[in-house]
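Take a look at the letters that make up each chain.
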Amino acid sequence: MRLRVFTEPQQGASYETLLRVAKAAEDLEFDAFYRSDHYLAMGDGDGLPGPTDAWITLAGLARETSRIRLGTLMSAATFRLPGPLAIQVAQVDAMSGGRVELGLGTGWFEQEHTAYGIPFPKEKFGRLEEQLEIVTGLWSTPYGERFGYDGRYYTLTDSPALPKPAQAKVPVLIGGHGRTRTPALAARFADEFNIPFASIEDSERQFARVRAAAAEAGRGQGEITLSNALVVCVGRDDAEVARRAAAIGRDVAELKENGLAGSPAEVVDKIGRYAQTGSSRIYLQLLDLSDLDHLQLVAEQVRPQLAS
């Protein structure tokens, strides 16, 4: 089981804050540092100092880290045209020495679109499908050849399909709770399927759908990595768990039900139950980015037990 750090900067974080967390995650030997791709805070928070762009952030982190993998859960297809997105991700991958992963989703938060003048189309899933076809097509086109695409939403003509990523293949993540179209899309394009904030039972059901869709598409068993994203709130004792829950405005009982909360032993046990569904990566949603001791506790008292 691999543990990855997942941040929500739209809730309030500067680039400097994200850099501190990413460097701490790297020093503590977490597998990856991921961030959401949103432009507006959710809930009652003010989101100060304001949003940071996911791929600009990852470009900076690519030059200021050396080992940890970097990615998005999930970039919104509504935010970017597919050609420029392919260029952005390929460039950041080169800047990082081949450590980038692309999580791509439809986009869903209408208010952030209207707040910043971003079109919010009614038909989003079809656009996501075409974006995946284009981005992966541009990257896989051999040097010296041209790429073209004539879709319902996007048209590319005589593209040189440059630049190329540093990696032979940038891992693509697709995720969600959709029962039919989402697993089918994952079967076509995903190297990893992620289900966010789902129970063990819901994860097991969705992973079964993804496996079935992958088999129908002719992909081998285990060809798609399965993963979860869950809020984390670990403490050495009940008082520390309560303090961390209060800091993010959550109830301990609710966090234990819907996330990874409690003592290291409790969290290890629950991660083990997710592992039994086939999940091999957990994205730990770290909501208090000032609490780096939290990361250290997970690294020292949770992760070692997962390897035993």
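Residues numbered from 1 in each chain as written. Predicted model: local features only at pLDDT ≥ 70, side-chain atom pairs only at ≥ 80, totals over all residues. Heavy atoms only, no water.

Asks: Would you explain helix 10 (residues 264-275) in this entry?
Replies: Because the α-helix completes a turn every 3.6 residues, residues three or four places apart line up on one side. Look at helix 10: 16 Å from first C-alpha to last across 12 residues, which is about the 16 Å you get at 1.5 Å a residue. Burial in helix 10 covers these residues: Pro264, Val267, Val268, Lys270, Ile271 and Tyr274. The buried residues of helix 10 occupy one face: seen down the axis, they fall within an arc of 170°. (Helix = DSSP H or I, 4+ residues; strand = E, 2+ residues; numbered from the N terminus. Expected span 1.5 Å × (residues − 1). Buried < 20%, exposed > 50% of the residue type's maximum accessible area, 1.4 Å probe, protein only. Arc of directions from axis to C-beta.)

Asks: What am I meant to see in the packing of helix 5 (residues 125-140) against helix 6 (residues 181-189) here?
Replies: Packed helix pairs are specified by the crossing angle of their axes together with the interaxial distance, meaning the distance between the axes. The interhelical angle for the contact between helix 5 and helix 6, taken along N-to-C directions, is 5°, at an axis separation of 11 Å. By the criterion of interaxial angle, the relationship of helix 5 to helix 6 is roughly parallel. Side by side, helix 5 and helix 6 meet where Phe125, Gly126, Leu128, Glu129, Leu132, Glu133 and Thr136 of the first sit next to Arg181, Thr182, Leu185, Arg188 and Phe189 of the second. Grouping the amino acids of the contact of helix 5 with helix 6 by side-chain chemistry returns 5 nonpolar, 3 polar and 4 charged. (Axes fitted to C-alpha atoms, helices over the stretch in contact; angles between N-to-C directions. Parallel < 35°, antiparallel > 145°, perpendicular 65-115°, else oblique. Contact = heavy atoms within 4.5 Å. Nonpolar A, V, L, I, M, F, W, Y, C, P; charged D, E, K, R; others polar.)

Asks: Looking at this structure, how should I read the nonpolar core?
Replies: Generally speaking, a soluble globular protein has its nonpolar side chains buried in company with each other. Counting 76 residues, the largest nonpolar core has Leu3, Phe30, Phe33, Trp55 and Val302 as its most contacted members. When residues in this core are grouped by element, the largest group, 7 residues, is from helix 5. Ignoring anything within four residues of it in the chain, the contact list for Trp55 reads Thr72, Ser75, Arg80, Leu85, Val89, Val92, Val100, Glu101 and Leu102. (Core = buried A, V, L, I, M, F, W, Y, C linked by side-chain atoms within 4.5 Å.)

Asks: Any chance you could explain the environment of Asp202 here in plain terms?
Replies: Secondary-structure assignment places Asp202 in helix 7 (residues 200-216). The spatial distance from the C-alpha of Asp202 to the C-alpha of Thr277 is 9.8 Å, given a sequence separation of 75 residues.

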